[in-house]
Every structure is written in C-alpha cells, then in structure tokens.
Amino acid sequence: MAPRKIIIDTDPGQDDAVAILLALASPEDVTVLGVTAVAGNVPLPLTEKNARIVCELAGKPETLVFAGCDVPMKRKLVTAEHVHGKTGLDGPKMDDPTMPLQAQHGVDFIIETLRTHDAGTVTLCPLGPLTNIATAFEKAPDIVDKVQEIVLMGGAYFEVGNITPAAEFNIYVDPEAAKIVFASGIPIVVMPLDVTHHALTTHARVDAFSALGTKVGDMVAAWTNFFERFDKEKYGSEGAPLHDPCVIAYLIQPDLFEGRHVNVEIETQSDLTLGMTVADWWRVTDRKPNAMFMGSLNADGFFALLTERLARL
Ligand code: RIB
Ligand code: CA
C-alpha cells in the first residue's frame, strides 16, 4: 500500500518531537508533506524553531516547516512550560536549527496542499491545539471535503482532564477550534488521555532508547526523562505519557489501538468544564457519532514499534 500523505500540525513539546521523529523514520508508511507549527506548549516562535530542530535531528532538513497561528481563535494563549520547560524541548542541550522556516503561513500551506492533491488523499495529524486546522477550514471551506481523515491527539473522557479537572490541554487551549473540527463531518480518530496515559516511558523503555547508541536515542531518552518529572509528581506513575507519537503509531499499526465510534462534543461555554470532550461512550444520546474515540493501547507493542523505528535515524 502506498504511504499515507500527511501534514503534521504540532506544538513541540518533547512528545511532539518523538512523534515527528517516528513519522520521518517511517517513509514506507507516511509521507510528510509538511510540518505546520502552532502556539501551544510554548509560544509559536519556539514551536516552529523546535519543529526545525527535530527535523534536522532526524536527518531530514529538506522537510517543509511552516509557522501557523500564534494565538487561539478567540482566547488568550495558555502555554505549558511547567510541563515542557522554557524552551519546550528542555532536557538535553540543543543547537539552533540551520534549516529554513518556509515563508508561507502554515494555514495557507494546509489550504494549498488540500486544494492541489486529489480529494481523500491527505490526512491531517494535529498534535497540539486545533487553531491552524480550524482557521484553514474557516478561511477555505472548500477544503473540508478534501481531507482524507484527521488523526489527532486530544481530549479525555474516563481519564478526565490534565490542564483543568475537565479538560485536556490541546482542546482546552482552543475549544472553539476543536468545536469546528469535531463538527466538520471529516472522519476523525481521537487519541485521548484515556489511551496516551498507558503509553508510559518506564525506565526499561527509556533504557531501550539509550541503548540505541545514537544521537536520536540519547535525545529521546533525555527528553522523556525531563518530561517524566511532571507526570510522576502528579500521577505517581513511573514514566511520562508519550501522547503525540500515538497518532503516528496509529497510521503505521492501527491494531495497537481499540476504541469506539461515538459522538464527541466540545464544551465552549462553561467556565467550569471549558474544553471538555463530552464523549457519548455509552451511547445514551441520539447525537450522531462523529469520531473514533480510542480507549485502549497495546503499550508494549507501541514501544517496540517506536524503538525499532527510532533506531533507523
Ligand atoms: O495534553 C497533552 C497534549 O498537550 C500533548 O499533545 C502535549 O504535547 C501537549 O500539546
Ligand atoms: Ca503536542
């Protein structure tokens, strides 16, 4: 089967970085048409710089990296330096990137790419707030029907929130954008905290990254060690959840995941539950299912795939 053509929309963040590495290490499964940065974990000037750092680390400086939106559609930006550190990629020391940032705005790249490729052949892979995606849909409604699928990291149901008691960070930062995306009618696969909290970077798994004996392995080990401290203190878990690589792993090996096609609505009015993904998991309403909401993961299989692919870089 031909590799899936994808656009990665991202707010690096250590876990985004590992997702980008996994994608660039898997050319037989995915063709990365471009990487669009969005404000999220850290402000846009850092997320676009970090995206370029990661593409260079992967040995793919020819990757097209774009800067997208620097603020959410209707709200002030909320960032997560408390999790990812000041740079967004804290942990190891990193050199500034030398590869160029594309001049075109990330939203315009998404629009142009969908307009110039056959309908149903481009998959969008959002790993951060959905601002770029929703802005593209608002600016160019004609592209909505051309998207093959959206596979995103975001939301939570049984696992509840990580930035508020009710909301996961990516959705919380731009709930209006999420509402637009979930109402688009495009086939959506959701990797919520319910799944990503089982993708924990235990010591054995981090040791496997270090054992690769490569710069990529060492960087990923250093990032996951840094990233872990926040989750360990909060959840008492051994290891940090590697959220975003679940999106790319799904494209490569979907049977690592199980979920249900259910209705998911986004709370945009209530201050108490703003950004909550209200998943009708038990189908108690007559609301139309609009998303494949993942609920479980084969964690050992996920890390085996990830480590094997990272070894290629
Ligand atoms: O809540 C986890 C998500 O928020 C991940 O995508 C992480 O990178 C941050 O963007
Ligand atoms: Ca992210």
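Calculation criteria
- Residues numbered from 1 in each chain as written.
- Chains lettered and ligands numbered in written order.
- Predicted model: local features only at pLDDT ≥ 70, side-chain atom pairs only at ≥ 80, totals over all residues.
- Heavy atoms only, no water.
- Pairing = 2+ DSSP bridges.
- Helix = DSSP H or I, 4+ residues; strand = E, 2+ residues; numbered from the N terminus.
- Axes fitted to C-alpha atoms, helices over the stretch in contact; angles between N-to-C directions.
- Near = heavy atom within 4 Å.
- Polar contact = N/O pair within 3.5 Å; in protein donor to acceptor, adjacent residues only side chain to side chain.
- Areas by Shrake-Rupley, 256 points an atom, 1.4 Å probe, with all protein chains shown as cover.
- Nonpolar A, V, L, I, M, F, W, Y, C, P; charged D, E, K, R; others polar.
- Donors = N, O, S within 2.8 Å, 3.2 Å for Na, K, Ca; no water.
- Buried < 20%, exposed > 50% of the residue type's maximum accessible area, 1.4 Å probe, protein only.
- Phe/Tyr/Trp six-rings, centres within 6.5 Å; stacked < 30°, edge-to-face > 60°.

Engineer: Would you mind showing me how to read the sheet that holds strand S3 (residues 65–67) here?
Structural biologist: Neighbouring strands of a sheet are bound in pairs by backbone hydrogen bonds; such pairs are parallel or else antiparallel. Strand order in the open sheet formed by eight strands is S3-S2-S1-S4-S5-S6-S10-S7, with mixed pairing between adjacent strands. Edge strands, defined here as strands with exactly one partner in the open sheet, are S3 and strand S7 (257–262). The average undirected angle you get between the axes of adjacent strands in this sheet is 25°. Alignment of strand S1 (residues 4–10) against strand S4 (residues 122–126), held across five bridges, turns out to be parallel.

Engineer: For this particular structure, what's the right way to read the site of ligand 1?
Structural biologist: The local shell around ligand 1 holds 13 residues, among which Asp15, Asn162, Glu168, Asn170 and Asp244 are the closest. With respect to ligand 1, the side chain of Asn41 contributes an N or O atom lying 3.0 Å from an oxygen atom. Contact with the protein chains hides 97% of the accessible area of ligand 1, taken as 280 Å² for the molecule alone. Looking at side-chain class alone, the shell around ligand 1 contains three nonpolar, five polar and five charged residues.

Engineer: Teacher, can you tell me more about the coordination of the calcium ion (ligand 2) here?
Structural biologist: For a metal with four tetrahedral donors the ideal donor-metal-donor angle is 109.5 degrees, while six octahedral donors give ideal angles of 90 or 180 degrees. Surrounding the calcium ion (ligand 2) are the protein donor atoms Asp11 (OD), Asp16 (OD), Asp16 (OD), Leu127 (O) and Asp244 (OD), which sit 2.3 to 2.6 Å from the metal. Owing to a relative accessible area of 0%, Asp11 belongs among the buried residues under this scheme.

Engineer: Explain the packing of aromatic side chains here, please?
Structural biologist: Centre distance and the angle of the planes are the two values used to describe a pair of aromatic rings. The final tally for this structure, using the stated rule, is eight aromatic pairs. Note on Phe66 and Phe109: the rings are 4.0 Å apart at their centroids and 20° apart in plane angle, and the pair reads as stacked. With Phe66 in strand S3 and Phe109 in helix H4 (residues 106–116), the pair connects residues that are 43 residues apart, well separated along the chain. Accessibility assignment for this pair places Phe66 and Phe109 in one class, buried. Ring geometry for Trp281 versus Phe293: centroids 6.4 Å apart, planes at 70°, classification edge-to-face. Note that Trp281 is positioned in the loop between strand S9 (277–279) and strand S10 (291–297) and Phe293 in strand S10, a separation of 12 residues in sequence. Given a relative accessible area of 12%, Trp281 falls into the buried group. A residue is classified by how much of its surface remains accessible, and Phe293, at 1% relative accessible area, is buried. Every member of this aromatic cluster is reached through a ring pair, and the members are Tyr157, Phe158, Trp281, Trp282 and Phe293.

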